[in-house]
Amino acid sequence: MDNRDPRRNDWVEDAKAEMSGMAKGGLNHPSTKPVLAGAAIGALAGALLPVVTLPLGAIAGAGYAFYNRIKK
């Protein structure tokens, strides 16, 4: 019996396809620039907030932007 949520597999497959497309397309891919902008905003937030560091902020910002691109 398979108890896995079928929506999860769709999200994972969408993320794989999007990441692969970004890797192949580089800056020409439509998702690359928003994800890089999210990373820049996260890094800026990391610089301004006392607990969050630049790399952590950049990763969080890129992850958030990537997630927003995938869920649409």
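Residues numbered from 1 in each chain as written. Predicted model: local features only at pLDDT ≥ 70, side-chain atom pairs only at ≥ 80, totals over all residues. Heavy atoms only, no water.

**Here's the deal with the packing of aromatic side chains**
For clarity, the threshold we go by: Any two rings among Phe, Tyr and Trp, with Trp reduced to its six-membered ring, count as a pair given centres within 6.5 Å; such a pair is stacked if its planes are under 30 degrees apart, edge-to-face if over 60, and tilted if neither. Numbering goes from the N terminus for both helices and strands, where a helix is a DSSP run of H or I of at least four residues and a strand is a run of E of at least two. Burial here depends on accessible area, computed with a 1.4 Å probe over protein chains only, as a share of the maximum for the residue type. Under 20% is buried, over 50% is exposed, and the range in between is partly exposed.
Using the criterion set out here, one finds one aromatic pair in the structure. For the ring pair Trp11 and Tyr67, a centre distance of 6.1 Å and an interplane angle of 50° mean the geometry is tilted. Taken together, the positions of Trp11 in helix H1 (residues 6-25) and Tyr67 in helix H3 (residues 54-71) put the pair 56 residues apart, joining distant regions of the chain. Trp11 gets classed as partly exposed once you look at its relative accessible area, which sits at 40%. Classification of Tyr67 as partly exposed rests on a relative accessible area of 40%.

**Details of the pattern of salt bridges**
Put simply, the rule reads: The salt bridge definition used is simple: a Lys or Arg side-chain nitrogen within 4 Å of an Asp or Glu carboxyl oxygen.
The final tally for this structure, using the stated rule, is one salt bridge. With its nearest N and O atoms 3.7 Å apart, the salt bridge here joins Glu13 to Lys16. Taken together, the residues Glu13 and Lys16, both in helix H1 and three residues apart, mark about one turn of the helix.

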